[in-house]
Structure formats: C-alpha cells, structure tokens
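# Observations on chain architecture
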Amino acid sequence: MICIAASLRLFAQNVGIGTTTPAYKLDVAGTVHNNSNIYNDGYLGVGTTSPIYKVTVEDGSLAVHSSADSKYWVMTYSSSGNYFNINEDGTSRLVIANGGNVGIGTTAPSAKLDVNGTTELNGTVTVNGA
C-alpha cells in the first residue's frame, strides 16, 4: 500500500510545501530528499538568498566526506583569525591568510610560505634574494 500525504499551496504563482506563505517559486519548509540528479544553471546560495558566485556559502563551511575511511575534509573561513582553512577531521592542514601568506602546520603564517614541520624537497631548488 502506498500512502501519500502532502500540503501544497499556491500563492501568486509560488508553491509552498510545509508553508502557507511561500516566498519563492518553490519554497519547502523541512527536509528535502532526492535520489536522482539535481541540475542548476543559475547561482546556488547556502545560508544566503543573494549568492554572488555560482556557489556561495554564507558564514559556514563546505565539507567533503569519505565513507571509505570516515574522514571529513572541511573548508572554512575564520573571521577571528583572518584566514581560509582546509582541515582534516578538525586538524588544520592548509591555511591561506588574508594578504596571501600560506601556512602548512600553522594557522598564522608569517611569510609567503610558512611550513611548521619536516619538509622534503625533491629536484632543483633555487633561492633568490638576501
């Protein structure tokens, strides 16, 4: 037996599911599940209704999860530390600070490349400057 229960309202050509006052062409209040493809030719906003890039995440993080080893790789911006961070399960791996300094093993890089830890270089290394 299949049972379908839905609340669908139409106001000024907007469709609401779980809301009586839809503000958009499709406005869903609640969890949405999809088991197929989703295509978007416009802009996608997460945490914002005014995305300015193809994908805009407002005041949040973007995570990639591997079910094979249960790891999370998370990209986030720290406004208090003024840096963009890529971390693995909460451990910072790569930081790009405001101004362009890059840190590996540090969240406060003090040079264009600041590595805290053992470094291995293979090949030719050229150093220019003082």
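Anyway, here's the lowdown on the structure attached to this text.

## Points about the overall build of the chain
- In terms of helices and strands, the chain carries 0 helices and 11 strands.
- Each helix (α) and strand (β) of the chain, taken in turn from the N terminus, gives the series β-β-β-β-β-β-β-β-β-β-β.
- Against the compact-globule benchmark of 14 Å for 130 residues, the chain has a radius of gyration of 22 Å, which places it well outside the compact range.
- Dimensions of the chain, computed from the C-alpha atoms along their principal axes, are close to 70 × 35 × 25 Å.
- In the chain, which comprises 130 residues, the share counted as buried stands at 15%.

## Comments concerning the sheet that holds strand β10 (residues 102-104)
- Spatially, 6 strands are ordered β6-β7-β8-β9-β10-β11 in an open sheet, and the strand pairing comes out mixed. Edge strands, defined here as strands with exactly one partner in the open sheet, are β6 (61-66) and β11 (113-115). Across the sheet, the mean angle separating the axes of adjacent strands is 15° when strand polarity is ignored.
- Of the strand pairs in this sheet, β6 and strand β7 (residues 71-78) are connected by 6 bridges, and their pairing is antiparallel. Looking across to β7, one finds that A63 is bridged to V74.

## Points about the packing of aromatic side chains
- Per the stated rule, a full pass over the model turns up 0 aromatic pairs.
- Directly above the ring of Y43 sits K54, whose terminal nitrogen or CZ lies 5.4 Å from the centroid.

## Thoughts on the pairing of strand β9 (residues 91-97)
- Here strand β8 (residues 83-88) runs beside β9; their pairing, made up of 6 bridges, is antiparallel. Bridging across to β9, N85 finds its partner in V95.
- In textbook terms, the turn of a hairpin is the stretch between consecutive antiparallel strands, and for β8 and β9 this stretch comprises 2 residues, one of which, D89, has a positive phi near 50°.
- Two elements, β9 and β10, share 2 bridges in a ladder whose sense is antiparallel. If you follow I96 over to β10, its bridge partner there is V102.
- Between β9 and β10, which pair antiparallel and follow one another directly, the connecting turn spans 4 residues, one of which, G99, has a positive phi of 105°.

## So, a nonpolar patch on the surface
- Among the surface-exposed residues, L44, V46, V55, V57 and L62 lie close enough to one another that they form a single nonpolar patch of about 390 Å² accessible area.
- For the nonpolar patch, the elements supplying multiple residues, two or more each, are β4 (44-46) and β5 (55-57).
- For V57, the location among the structural elements is in strand β5.

Parameters at a glance
Residues numbered from 1 in each chain as written. Predicted model: local features only at pLDDT ≥ 70, side-chain atom pairs only at ≥ 80, totals over all residues. Heavy atoms only, no water. Helix = DSSP H or I, 4+ residues; strand = E, 2+ residues; numbered from the N terminus. Rg over C-alpha atoms; globule rule 2.2 N^0.38 Å. Buried < 20%, exposed > 50% of the residue type's maximum accessible area, 1.4 Å probe, protein only. Pairing = 2+ DSSP bridges. Axes fitted to C-alpha atoms, helices over the stretch in contact; angles between N-to-C directions. Phe/Tyr/Trp six-rings, centres within 6.5 Å; stacked < 30°, edge-to-face > 60°. Lys NZ or Arg CZ within 6 Å of the ring centre and 35° of its normal. Patch = residues over 30% accessible without salt bridge, like charges linked within 9 Å, V, L, I, M, F, W, Y side chains within 5 Å. Areas by Shrake-Rupley, 256 points an atom, 1.4 Å probe, with all protein chains shown as cover. Salt bridge = Lys/Arg side-chain N within 4 Å of Asp/Glu carboxyl O.

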